[in-house]
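If you want the building blocks of each chain, they are given just below.
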Amino acid sequence: DVKVTQSSRYLVKRTGEKVFLECVQDMDHENMFWYRQDPGLGLRLIYFSYDVKMKEKGDIPEGYSVSREKKERFSLILESASTNQTSMYLCASRSRRNSMNTEAFFGQGTRLTVV
Amino acid sequence: AQTVTQSQPEMSVQEAETVTLSCTYDTSESDYYLFWYKQPPSRQMILVIRQEAYKQQNATENRFSVNFQKAAKSFSLKISDSQLGDAAMYFCAFVDSNYQLIWGAGTKLIIKP
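Everything numeric here is computed off the predicted structure, so don't read it as measured data.

Some details on unusual backbone geometry
For step 1, the next point in the chain: The phi angle at Asp28(A) is positive, at roughly 60 degrees, despite the residue not being glycine.
For step 2, the next point in the chain: As for its position among the elements, Asp28(A) is in the loop between strand 3 (19–25) and strand 4 (31–38).
For step 3, the next point in the chain: Positive phi, close to 55 degrees, is recorded for Asn62(B), a residue that is not glycine.
For step 4, the next point in the chain: Counting through the fold element by element, Asn62(B) comes out in the loop between strand 7 (60–61) and strand 8 (64–69).
For step 5, the next point in the chain: The class of Asn62(B) is exposed, set by a relative accessible area of 75%.

Listed below in structure tokens is the structure:
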């Protein structure tokens, strides 16, 4: 089974803290994604990566950065956490960039609360 | 811009009955894929079913089937013989020419025992 593992299920951080969310996949997928999930808004893409050291902005990159030093690991960084970044964060991986029909595999999600 | 719309924030169905979740999308492309994903209360999102736009035959996976109406840009999910384990958020998604997934807002499905 494909596994996408996020380092934490629940996190509580203080405003202004630097926050790291880690995601690891074990199926050698080229593509990895970070989404933010809020009620009524679906999944919004923050950043994605097609390869090691490559990153591209999604729809809502402001206040976030990412790192992909190894193929299996994709980290989301909140440089200075704010209360409006309280949300559910989902990591996903997907095989083969240029194929529309491939399935995305998701981690279990991280519920981040910024106080 | 391509969009996916799920007009039902919440649906409920009696156990063992059939329920249909609606999804519409907007695109000018002719070839694309559509997906339904399920997110149970444990939160791990999983694929339920997928449909290629060029295939006229509606996809089916056991109790799950779709009604794909390309001209109407509609992609509804039918769940037959609903079970308690079907309770979840259901998301409709569309893959565009940039190979990115575009998501609907989701429908919460409640199963009444």
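Picking up after the structure, the text goes on.
Things to note about the confidence of the model for chain B
For step 1, the next point in the chain: Mean pLDDT over chain B works out to 93, with 100% of the residues at or above the 70 mark.
For step 2, the next point in the chain: Predicted confidence in chain B is weakest over strand 11 (residues 101–103) of chain B, with a mean pLDDT of 91, and strongest over strand 3 (residues 19–21) of chain B, with 98.

Digging into the packing of aromatic side chains
For step 1, the next point in the chain: A complete count under the given rule lists 17 aromatic pairs over all chains for this structure.
For step 2, the next point in the chain: Geometrically, the ring pair formed by Tyr32(B) and Phe94(B) is tilted, given 5.1 Å between the ring centres and 40 degrees between the ring planes. Within this pair, whereas Tyr32(B) is found in the loop between strand 4 (24–26) and strand 5 (33–39), its partner Phe94(B) is found in strand 10 (residues 88–95), the two being separated by 62 residues in sequence.
For step 3, the next point in the chain: One aromatic cluster is present, formed by Phe33(A), Tyr35(A), Phe48(A), Tyr50(A), Phe106(A), Tyr33(B), Phe35(B), Tyr37(B), Phe91(B) and Trp103(B) through successive ring pairs.

A closer look at the sheet that holds strand 8 (residues 73–78) of chain A
Residue and element names in this part refer to chain A.
For step 1, the next point in the chain: As summarised here, the arrangement of the four strands in space is 1-3-8-7, forming an open sheet in which the pairing is antiparallel. What marks the edges here is a single partner per strand, and that holds for strand 1 (4–6) and strand 7 (64–70). For this sheet, the mean angle separating the axes of adjacent strands, direction not counted, is 20 degrees.
For step 2, the next point in the chain: Sheet topology note: the strand 7/strand 8 ladder contains five bridges and is antiparallel.

Let's talk about the state of the cysteines
All names here are of chain A.
For step 1, the next point in the chain: Throughout the structure, instances matching the rule amount to two disulfides over all chains.
For step 2, the next point in the chain: Bridging Cys23 to Cys91, the disulfide has an S-S length of 1.9 Å. Measuring the twist about the S-S bond at about -80 degrees, one finds the Cys23-Cys91 disulfide to be left-handed. Of the two residues, Cys23 is situated in strand 3 and Cys91 in strand 9 (residues 87–94); the sequence distance between them amounts to 68 residues.
For step 3, the next point in the chain: A relative accessible area of 0% places Cys91 in the buried class.

Definitions and cut-offs
Residues numbered from 1 in each chain as written. Chains lettered and ligands numbered in written order. Predicted model: local features only at pLDDT ≥ 70, side-chain atom pairs only at ≥ 80, totals over all residues. Heavy atoms only, no water. Helix = DSSP H or I, 4+ residues; strand = E, 2+ residues; numbered from the N terminus. Buried < 20%, exposed > 50% of the residue type's maximum accessible area, 1.4 Å probe, protein only. pLDDT = per-residue confidence, 0-100. Phe/Tyr/Trp six-rings, centres within 6.5 Å; stacked < 30°, edge-to-face > 60°. Pairing = 2+ DSSP bridges. Axes fitted to C-alpha atoms, helices over the stretch in contact; angles between N-to-C directions. Disulfide = S-S within 2.5 Å.

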